[in-house]
Amino acid sequence: MIGVLVPAHNEEALIGDCLRSILTAARSPALAGEPVEVVVALDSCSDATFDACDALGVRTLALEARCVGRARAAAADLLLHEGARWLASTDADSRVPVDWLAAQLACNADAFCGTVRVADWRGFAPRVRAAFLAGEHYVDDHPHVHGANLGVSATAYRAAGGFPALTAHEDRALLDALERSGHTIARRAHPAVITSARRDARARHGFGDYLLGLEAAA
């Protein structure tokens, strides 16, 4: 079984598109019918995020942590308990391509580290988009780490200690632990995940704050 984990904090507006894209990727013929289980970790949600998940038949678990690392880890633990051999991670404001899961499994590595592209720059001036693209490397063996486009085998995840309880950069911490323990990481330019450039970032010091930092410096 393949597990997909999505942390969410008040994501009623965007999580529907995210989950529909995951469910489409789960039906890819390249997966040869292997089951895919999706778990959304509802972290301190006070809106209708649960209802959006429930309408699509997607499983949820609730916690009150306001910590993306703990949210990812909670969803991962549930999926591992139920027998997942591979964990794929994305974010609630992102959309994955149809070959997302198949490409992760085909990478022949202990972990997959992908790229992201921003869907809509209307909230930022053109100089911010230019600054972002200047720092991105859409090539294989790129240096980026994005929790919105990440995958890891169950064996490697356990060996590395899983997602740490960090409020930001839990994805990078996991990748660092994998590298220290000698696991192989496939850093691929494609398939890229589409994510948002919203100004009201849910996780402090995460991707949204990175864009705000670019704006301040531009």
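Remember, predicted model here, so these are calculated numbers, not experimental data. (Residues numbered from 1 in each chain as written. Predicted model: local features only at pLDDT ≥ 70, side-chain atom pairs only at ≥ 80, totals over all residues. Heavy atoms only, no water.)

Glancing now at the overall build of the protein. Each helix and strand in the protein was counted, giving 8 helices and 9 strands. Against the globule reference of 17 Å for 218 residues, the protein gives a C-alpha radius of gyration of 16 Å, in line with a compact fold. Each of the three principal axes of the protein carries a C-alpha extent, and together these read 45 × 40 × 35 Å. Taking all 218 residues of the protein together, 51% fall into the buried category. If you take every contact in the protein between residues at least 6 apart in sequence, the share linking residues at least 24 apart comes to 75%. Accessible surface for the protein amounts to roughly 9,500 Å². Of this, 51% is attributable to carbon and sulfur atoms. Counting 21 positive and 27 negative side-chain charges, the protein places the centres of these two groups 3 Å from one another. (Helix = DSSP H or I, 4+ residues; strand = E, 2+ residues; numbered from the N terminus. Rg over C-alpha atoms; globule rule 2.2 N^0.38 Å. Buried < 20%, exposed > 50% of the residue type's maximum accessible area, 1.4 Å probe, protein only. Contact = heavy atoms within 4.5 Å. Areas by Shrake-Rupley, 256 points an atom, 1.4 Å probe, with all protein chains shown as cover. Lys, Arg positive; Asp, Glu negative; His and termini not counted. Charge placed at Lys NZ, Arg CZ, Asp CG, Glu CD.)

As a further point, take the environment of A197. When you line up the elements, A197 lands in the loop between strand 9 (193–195) and helix 8 (207–217). Assessed through its relative accessible area of 6%, A197 is described here as buried. Sequence separation of A197 and P126 is 71 residues, and the distance between their C-alpha atoms is 12 Å.

Moving on, we get to unusual backbone geometry. P191 follows H190 through a cis peptide bond whose omega is 0 degrees. Relative to the elements of secondary structure, P191 occurs in the loop between strand 8 (185–187) and strand 9. Positive phi values are uncommon outside glycine, yet A32 reaches one of about 55 degrees. Along the chain, A32 falls in the loop between helix 1 (15–26) and strand 2 (36–43). Residue classification places A32 among the exposed residues on the basis of a relative accessible area of 71%.

By the definition in use, this model includes 1 aromatic pair. The ring of Y138 carries R117 above its face, with NZ or CZ at 3.7 Å from the centroid. (Phe/Tyr/Trp six-rings, centres within 6.5 Å; stacked < 30°, edge-to-face > 60°. Lys NZ or Arg CZ within 6 Å of the ring centre and 35° of its normal.)

What follows deals with the pattern of salt bridges. All told, the structure shown has 7 salt bridges when counted by the stated rule. The salt bridge partner of R59 is E82, with a shortest N-O separation of 2.6 Å. Here R59, found in strand 3 (residues 59–63), pairs with E82, found in the loop between helix 3 (68–81) and strand 4 (86–89); they are 23 residues apart in sequence, far enough to count as distant. Counted as one network, the salt bridges with shared partners bring together E37, R59 and E82. (Salt bridge = Lys/Arg side-chain N within 4 Å of Asp/Glu carboxyl O.)

In this section: the pairing of strand 2. Burial analysis of strand 2 places 6 of its 8 residues in the buried class, which makes it a mostly covered element. For strand 1 (residues 2–8) and strand 2, the ladder comprises 7 bridges, and the chain directions are parallel. Looking at the pairing, V4 lines up with V38 of strand 2. Each parallel crossover has a hand, and the one from strand 1 via helix 1 to strand 2 is right-handed. Judged from the 5 bridges that link them, strand 2 and strand 3 form a sheet pairing that is parallel. From the neighbouring strand, L42 faces strand 3, where its bridge partner is A62. Taken together, strand 2, helix 2 (residues 49–55) and strand 3 form a β-α-β motif whose crossover is right-handed. (Pairing = 2+ DSSP bridges. Right-handed = clockwise from strand over helix to strand, strands pointing away.)

Here we come to the environment of S94. Its location among the elements puts S94 in the loop between strand 4 and helix 4 (100–105). For the pair S94 and C107, spaced 13 residues apart in the sequence, the C-alpha separation amounts to 21 Å. The residues contacting S94, other than those within four sequence positions of it, are C18, S21, A148, V193, I194 and T195. At 2.9 Å, the side chain of S94 and the side chain of T195 are in polar contact. (Polar contact = N/O pair within 3.5 Å; in protein donor to acceptor, adjacent residues only side chain to side chain.)

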